[in-house]
Structure formats: C-alpha cells, structure tokens
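Summary of the model geometry
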Amino acid sequence: METIPTKAKVSRAREKERMATSFFILMLLLLLHLFPVKSQNPPAAAALYVFGDSLSDSGNNNNRLTTARANYLPYGVDFVGGTTGRFTNGKTFVDFAAETLGLPYVPAYFSLSRRQRAKTGTGVNYASGSAGILNKTGRRLGRCVTLREQISKFSMTVRRDLPKMFPGPLLSDHLSRSIFFVSIGSNDYINNYLQPDYYYKRRRRPTPQAFAQKLVDALETHMQRLYYLGARKIVMFDIGPIGCIPNNTNTTPMMGQCVEEINNFVVEFNNRFFPLVQRLNVTLRGSNFVPGQTYPVSQNIYKNAPSYGLALTNVPCCPTYGDGIGPCKPEQQPCPDRGKHMYWDSYHPTEVTNSLMARACFWQTPSQCFPPDTTIQQLARL
Ligand SMILES: *[C@@H]1O[C@H](CO)[C@@H](O)[C@H](O)[C@H]1NC(C)=O
Ligand SMILES: *[C@@H]1O[C@H](CO)[C@@H](O)[C@H](O)[C@H]1NC(C)=O
Ligand SMILES: *[C@@H]1O[C@H](CO)[C@@H](O)[C@H](O)[C@H]1NC(C)=O
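Every value quoted in this text rests on a predicted model; they were computed, and no experiment measured them.

Here is what the cut-offs are and how they apply
Residues numbered from 1 in each chain as written. Chains lettered and ligands numbered in written order. Predicted model: local features only at pLDDT ≥ 70, side-chain atom pairs only at ≥ 80, totals over all residues. Heavy atoms only, no water. Helix = DSSP H or I, 4+ residues; strand = E, 2+ residues; numbered from the N terminus. Buried < 20%, exposed > 50% of the residue type's maximum accessible area, 1.4 Å probe, protein only. Contact = heavy atoms within 4.5 Å. Areas by Shrake-Rupley, 256 points an atom, 1.4 Å probe, with all protein chains shown as cover. Disulfide = S-S within 2.5 Å. Phe/Tyr/Trp six-rings, centres within 6.5 Å; stacked < 30°, edge-to-face > 60°. Salt bridge = Lys/Arg side-chain N within 4 Å of Asp/Glu carboxyl O. Pairing = 2+ DSSP bridges. Axes fitted to C-alpha atoms, helices over the stretch in contact; angles between N-to-C directions. Parallel < 35°, antiparallel > 145°, perpendicular 65-115°, else oblique. Left-handed = near helix turned anticlockwise from the far one by under 90°. Nonpolar A, V, L, I, M, F, W, Y, C, P; charged D, E, K, R; others polar. Core = buried A, V, L, I, M, F, W, Y, C linked by side-chain atoms within 4.5 Å.

**Brief notes about the overall build of the protein**
Within the protein one finds 13 helices and 4 strands. Counting across all 382 residues of the protein, residues that qualify as buried make up 52%. A separation threshold of at least 6 residues defines the contact pool for the protein, and within that pool the share at least 24 residues apart is 70%. In the structure as shown, the protein presents an accessible area of about 19,000 Å², 55% of it carried by carbon and sulfur atoms.

**Notes on the state of the cysteines**
Tallied over the entire structure, the rule returns 4 disulfides. The side chain of Cys318 participates in a disulfide bridge whose partner is Cys328; the two sulfur atoms lie 2.0 Å from each other. Handedness of the Cys318-Cys328 disulfide follows from its S-S torsion of about -95°: it is left-handed. With Cys318 in the loop between helix 11 (295–303) and helix 12 (351–363) and Cys328 in the loop between helix 11 and helix 12, this pair connects stretches of sequence that are 10 residues apart. Disulfide pairing is shown between Cys361 and Cys369; the S-S distance is 1.8 Å. Judged by the sign of its S-S torsion, about -60°, the cystine formed by Cys361 and Cys369 is left-handed. Here Cys361 and Cys369 have matching classes, each one buried. Along the protein, the cysteines that take part in disulfide bonds pair up as 1-2, 3-6, 4-5, 7-8, counted in sequence order.

**Considering the packing of aromatic side chains**
One pass over the structure, following the stated rule, counts 27 aromatic pairs. Both rings, one in Tyr72 and one in Tyr75, keep their centres 5.2 Å apart while their planes meet at 85°; by these two values the pair is edge-to-face. The class of Tyr75 is buried, set by a relative accessible area of 1%. Ring geometry for Phe93 versus Phe237: centroids 5.4 Å apart, planes at 80°, classification edge-to-face. Of this pair, Phe93 sits in helix 2 (residues 93–101) while Phe237 sits in strand 3 (residues 233–237), and the two are 144 residues apart along the sequence.

**Section: the pattern of salt bridges**
Per the stated rule, a full pass over the model turns up 6 salt bridges. Among the salt bridges present, the one from Asp78 reaches Arg338, with a minimum N-O distance of 2.5 Å. Taken together, the residues span a long stretch of sequence, with Asp78 in the loop between strand 1 (48–52) and helix 2 and Arg338 in the loop between helix 11 and helix 12 at a distance of 260 residues. Assessed through its relative accessible area of 32%, Asp78 is described here as partly exposed.

**Examining the pairing of strand 4 (residues 288–292)**
For strand 4, a buried count of 4 out of 5 residues is recorded, marking the element as mostly surrounded by other parts of the structure. As paired elements, strand 3 and strand 4 share 5 bridges and run parallel to each other. Paired with Lys233 across the bridge in strand 4 is Asn288.

**Quick word on the packing of helix 2 against helix 12**
At a minimum axis distance of 8 Å, the contact between helix 2 and helix 12 shows a crossing angle of 45°. Taken together, helix 2 and helix 12 sit at an angle that is classed as oblique. Of the two elements, helix 2 crosses helix 12, and the hand of that crossing is right-handed. Judged by residue contacts, Phe93, Phe96, Ala97 and Thr100 of helix 2 engage Glu351, Asn354, Ser355, Met357, Ala358, Cys361, Phe362 and Trp363 from helix 12. Residue classes in the contact of helix 2 with helix 12 are distributed as 8 nonpolar, 3 polar and 1 charged.

**Some points on the nonpolar core**
Within the largest apolar cluster, 89 residues are counted, with the highest numbers of intra-cluster contacts made by Leu48, Phe51, Tyr189, Met236 and Phe269. For this core, the element with the highest residue contribution is helix 8 (residues 208–228), accounting for 9 residues. Those residues in contact with Phe269 that sit more than four places away from it in its chain are Ile133, Tyr189, Ala212, Leu215, Val216, Leu219 and Ile239.

**A short note on the packing of helix 6 (residues 186–193) against helix 8**
For the pair helix 6 and helix 8, interaxial distance at closest approach is 11 Å and the crossing angle is 130°. Between helix 6 and helix 8, the crossing angle belongs to the class labelled oblique. The element helix 6 and its partner helix 8 pack so that their crossing is right-handed. Only Pro208, Phe211, Ala212 and Leu215 of helix 8 make contact with helix 6, whose side of the interface consists of Asp188, Tyr189 and Tyr193. Among the residues forming the contact of helix 6 with helix 8, the class breakdown is 6 nonpolar, no polar and 1 charged.

**Quick look at the sheet that holds strand 1**
The strand order across the open sheet built from 4 strands is 1-2-3-4, with neighbouring strands paired in parallel fashion. Two strands bound the open sheet, and with one partner strand each, they are strand 1 and strand 4. Strand-to-strand twist in this sheet, taken as the mean axis angle between neighbours without regard to direction, amounts to 20°. Where helix 10 (residues 260–283) meets the sheet, its contacts fall on strand 3 and strand 4, and the angle it forms with strand 4 comes to roughly 170°.

All quantities given are derived from atomic positions and should not be read as evidence of function.
This is the structure:
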C-alpha cells in the first residue's frame, strides 16, 4: 500500500537525491582527474608534425637499410596497432602528446602512400631511428632520415600535399595553428660523439663544449628552415640522461650505475639549449618556441624508480642482443611485468616510463617540463 508522502519526506528524499548526485559528480570529477580520458572535444591543435629520432619514430625506418629498426615483435606488443616500427612496447611520448591534444596518432611519412599524404591533414611524423642533428649521425647503423632530410620531406608536404586540403591562405593558417614537436640529439652522442674511433679517427676529437656548440649551431639552422616553411608553434626538447640507458649502465665497470661522464656531455648541450630556444623565439617574428626540459624529469624517475612502481631501472624488458646492451631479439617473449621496467630495450623506455614523462610534461600543473604557465594545450590555443 502506498502512503501519501508528506512534505518533509519529499524534501528529505530530494535532499538525499541531491547528495547522491553531487557525490556521483564528485567521484566522476575525481576519476576524470585520476584517469584523464580521451576527450570528445575538437582537437586543441590543427595538426602535430613530428621531427626526431627513435624516441618518436612511428615506422619511418621500416623499409630502410639499417639495423635501427623496430618492425618486429616484441616491439609494439602492447600497442593498439601492433608492431608499427615504434621502438617500445606500446605508446611513445609523442603518442601521449597526440592524445593530449585530441589528435590521432601521427602516421609515419614513409608509411603513407602519395594519395594518403594528400589526405592527411592532422599531422605527419618524419622522425627516424638513429637520426641526429648532424648529417653523419647514425650512419654507422645504416640509412636513416637525417633531420635535414626530415625537414626536406616536410617541405614536400607543404608544397605538394597540404595545398590540396588547405588551398591559398588556408595553408599558412593551418601551419600556424599546428604544433611542431622536435626531439633530437641523443644519437649525436650515442651514435656519433661516443664512437670516436668511427668518426674522429683522423681528426682531433672536439671537446664536449665545442661539440655541444656545434650541435646547437646546426639545430638553430634547422629550426630557422622549419620556421620559414611556416612552422610557428614549436616545442623543442632537450636531451635526456643517456648515461643512464642500459647500454651504458650494463657496461663494465659501470655495472648498474649511470655513466656520469656521458651525462655531463649531454648537460653541455642542455646548458646551450635553453638560450638557443629563447634566441629563436626572439629572432623569428611571430614564432612561439617552447623549451621542453625532460632531463631532470627522467633523472628523477630513475633515482626514485620504486616510488613510481619501477623495480628495474637497468634491466631491459625484452631479451636483448648482447645481454642488456643491444636491441630486442626478434620473436622473444618479453617480461610479463612490463610496468616494473623503466627500459624496454637497451636504449628506449617502456610505455609506462613514457606515460610518466607525459604526466610530468603534459598532464601535471604546473608542468615539470615547460616554463611556468605553459602547457601544450595552452600553446595550441595561442
Ligand atoms: C649537411 O648536408 C647538406 C647537403 O649535403 C649540406 O648542405 C649541409 O651543409 C650539411 N650540414 C652540415 C652541418 O654539415
Ligand atoms: C652499447 O654498448 C656496447 C658495449 O659498451 C658498445 O660496444 C656499443 O657500441 C653500444 N651501442 C651503442 C649504440 O652505443
Ligand atoms: C617567446 O616569446 C613570447 C612572446 O612573443 C613570450 O611570451 C614567451 O615567453 C617567449 N618564450 C620563451 C621561451 O622565451
């Protein structure tokens, strides 16, 4: 039998409902905060154009004559698209950047047919494993797309492909609303400067300071070229502590320790990197160059690995050539506990580490990588 509700009962019931609703909303907000979901909002930027090395490559080396390739299992074992040429088990740092901006994963330039290129308006990835700032870098492993060539391919995109989608004045508008992601330089050390027998056999090896300056000067020229092709919002990243990659920490007599000498070489570059970015920002009119500082973030993760759930900082997750100093061996079973390993192979972080970097750079406020009051989303909105 139904009773007629009294006024008091009704208001109590409403009150309860309201509380339940606000509790639900609170929980939802909390959850959204803890687990940022892919938003259904329009993308924050028109497109994402990517330049760099294996940390960013999404398949440009797949058909290239080089040992710097990742188009075989277990690479990509956790990626939604499977094995693509990404040098990790899952998403790269760039994939997280694309997600953050609400853009699709950025396809590799060399994975697209000419017809597909003419229809790709949300960004292209030109990054190539083993590539560096200098022309010669990476050559010891075979053919790569040097930074100079990456920018040449981008100029093809600008001249041939983009005008089909963005005719006339729409082209420069599209480019000025796009984000350019530049992360390069590790290989100028790993596959160049630190291989003195290979490149500096007959010549005097430059000092770490002179070499860092040479890299910065070359990078400046490359970035000017990118600007004159229409790039305006350019996020540039420093070099991480490569003295801490397994290839170095597993080399005796440094067993298990970062090679500080190598880190110090990189610091010489990084010390010149921020003035470079500022200089570009000032000298190139209407540009917005943003420096991304990953070195301290990466070092912090390495030093405080257990607090991030990372139990193993020096042991690659996949079975590697050279027992912890080379790339993954093909078709071998990777470690089951991938969330516990900082490194996937002897050079590249696992997806978990990439997500920790993405959290520090893109999701945390204030960002641990960008200057105060800069987020990649804000840059996109400028
Ligand atoms: C790289 O190669 C190109 C073409 O061969 C050349 O014009 C350029 O000066 C080279 N850059 C450096 C820094 O050597
Ligand atoms: C990795 O380490 C080994 C042993 O130290 C070295 O011979 C090799 O050149 C290194 N590989 C790279 C790419 O630096
Ligand atoms: C770049 O220049 C803009 C003004 O054009 C300024 O707001 C921004 O802080 C500068 N960024 C850097 C890294 O100097």
